[in-house]
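Overview (structure and organization)
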Amino acid sequence: MKDFLNPAVRDIKPSGIRRFFDLVSTRKDVITLGVGEPDFVTPWHVREAAVMSLERGKTQYSSNAGMPELRDAIGTYLDSSFQVEYNPADEILVTVGGSEAIDLALRTLISPGDEILIPEPCYISYSPITVLSGGVSVGIETFAKDQFKLTAESLRKSITPKSKVLILCYPSNPTGGIMTYEDWLPIAKVVEENDLIVISDEIYAELTYGSKHVSFAAIPGMKDRTILVSGFAKAFAMTGWRIGYACGHSDIISAMLKIHQYTVMCAPVMSQYAAIEALTNGLEEKDKMIESYNQRRRLVVQGFREIGLQCHEPQGAFYAFPSIASTGLTSEQFAQRLLEEANVAAVPGDVFGLGGEGHLRCSYATSVASLTEAIDRIGNFVHKLK
Ligand code: PMP
């Protein structure tokens, strides 16, 4: 039957994370630092808002772009939290998770052969969706010595006449790197000079420890060139609700809306009710969750350093990305043996593209007890390798 397949789909590799976790599911007593999702259950008042919407019989489609009340709430939230103003009427689109927003943005922008610039290591879906949309993905390596920040110099070097889109993801999955206002300014200059359009995936915007997140859309001159993608999964512990959004210039949002209305019609309505509640009454609970991630972040980074693994300080998201290069193993070998010999699962860095080899992505969104035990096991494993 493979002859029937679109070659672009046939040749895409399944997610390296899923492949690894299929292996994990065959074993017992594994501590997993693998999954990129909060270990909190969605706060009850948010769940209750969805339950109430069902009780009230709110089971119909919403407007394609999302319920006006939700778009208003997103607009107010982005303005007060990150100082970016969007008109809820035509600059905000509610999507099925940040994932759909990324897909729509890429499909809307890419013409065959366009080059899409992607700082790496990066979230695993950017490159496959680029290719499925007929684009060419061009990785730009970032380095631990620069705290995995994108530099204007490396961006400039990767640009060709075919470059069209730059995908940004800060705070970063998998590195935990962030960009400050000063870091963004030279990037914005290159974007402007080369007439690029930016997809800025800011799904971890709330999860920063120390310096507050700076949206790329808030940099002078960048708002109209930026599609801001975000969602509720990470900050509000709502991965299973499948609810996110995209914001940008009305010409682009209305084009994305065309694909959205023909493919999914609207985001799940009970999730939209839950999202309104999260933005209206859930901000304090969110802050408590973030404080808890911060404590675990410190524990994990210190733990890796004590073992003797270099670990840059992740300032955002909920991942540590230590270097395992000193062990002489590749990241695939390290992760495989760590699983088999120490019963700890973490994601080999090479699945995240350029610059990922030699690293391990460890999510610290798990209990302190599991993290402490995992660090112990990793320490013993590394010690045995010497
Ligand atoms: N962007 C990044 C960087 C992510 O890590 C994820 C989820 N792991 C997503 C987007 C997708 O989020 P959602 O669950 O809202 O689709």
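That block above? That's the structure.
Cut-offs applied
In this numbering scheme, every chain counts its residues from 1 along its sequence in written order. For a predicted model such as this one, the threshold for reporting local features is a pLDDT of at least 70, and the threshold for listing and counting side-chain atom pairs is 80 or more; totals across whole chains, interfaces and linings nevertheless cover every residue. Note that water and hydrogens are dropped before the side-chain values are worked out from all heavy atoms of the structure. All axes here are fitted lines through C-alpha atoms, helices being fitted over the stretch that makes contact, and every angle between N-to-C directions spans 0 to 180 degrees. Put simply, DSSP marks the helices as runs of H or I at least four residues long and the strands as runs of E at least two long, and each gets a number from the N terminus on. Here the angle decides the label: under 35 degrees means roughly parallel, over 145 means roughly antiparallel, 65 to 115 means roughly perpendicular, and every other value means oblique. If you view the pair so one helix is near and one far, a crossing is left-handed when the near helix is turned anticlockwise from the far one by less than a right angle, and right-handed when it is turned clockwise. The contact criterion used is simple: two residues touch if any of their non-hydrogen atoms lie within 4.5 Å. Residues are grouped as follows: nonpolar covers Ala, Val, Leu, Ile, Met, Phe, Trp, Tyr, Cys and Pro; charged covers Asp, Glu, Lys and Arg; every other residue, Gly included, is treated as polar. What makes a salt bridge here is a side-chain nitrogen of Lys or Arg within 4 Å of a carboxyl oxygen of Asp or Glu, nothing more. Residue exposure (1.4 Å probe, protein chains only): buried if accessible area is under 20% of the type maximum, exposed if over 50%, otherwise partly exposed.

For the rest of this paragraph, the subject is the packing of helix α4 (residues 68-82) against helix α10 (residues 269-281). Axis separation between α4 and α10 bottoms out at 9 Å; the angle between their running directions is 30 degrees. Relative to α10, the element α4 lies roughly parallel. Considering how the two elements wind past one another, α4 and α10 form a crossing that is left-handed. Judged by residue contacts, Glu-69, Leu-70, Ala-73, Ile-74 and Tyr-77 of α4 engage Gln-272, Ala-275, Ile-276 and Leu-279 from α10. Considering only residue class, the contact of α4 with α10 consists of seven nonpolar, one polar and one charged.

Once that is clear, we can look at the pattern of salt bridges. Enumeration over the complete set of coordinates arrives at 16 salt bridges. Among the salt bridges present, the one from Asp-195 reaches Arg-225, with a minimum N-O distance of 3.0 Å. Here Asp-195, found in the loop between α8 (181-193) and β6 (197-201), pairs with Arg-225, found in the loop between β6 and β7 (226-231); they are 30 residues apart in sequence, far enough to count as distant. Its relative accessible area of 56% is what places Asp-195 among the exposed residues. On the accessibility criterion, Arg-225 (18% relative accessible area) is buried. One salt bridge connects Arg-377 with Glu-373, and the closest N-O pair in it is separated by 2.8 Å. Taken together, the positions of Arg-377 and Glu-373, both in helix α13 (residues 368-385) and four residues apart, correspond to about one turn of that helix. Each of the salt bridges in this network shares a partner with another, and the network as a whole consists of Arg-156, Lys-189 and Glu-193.

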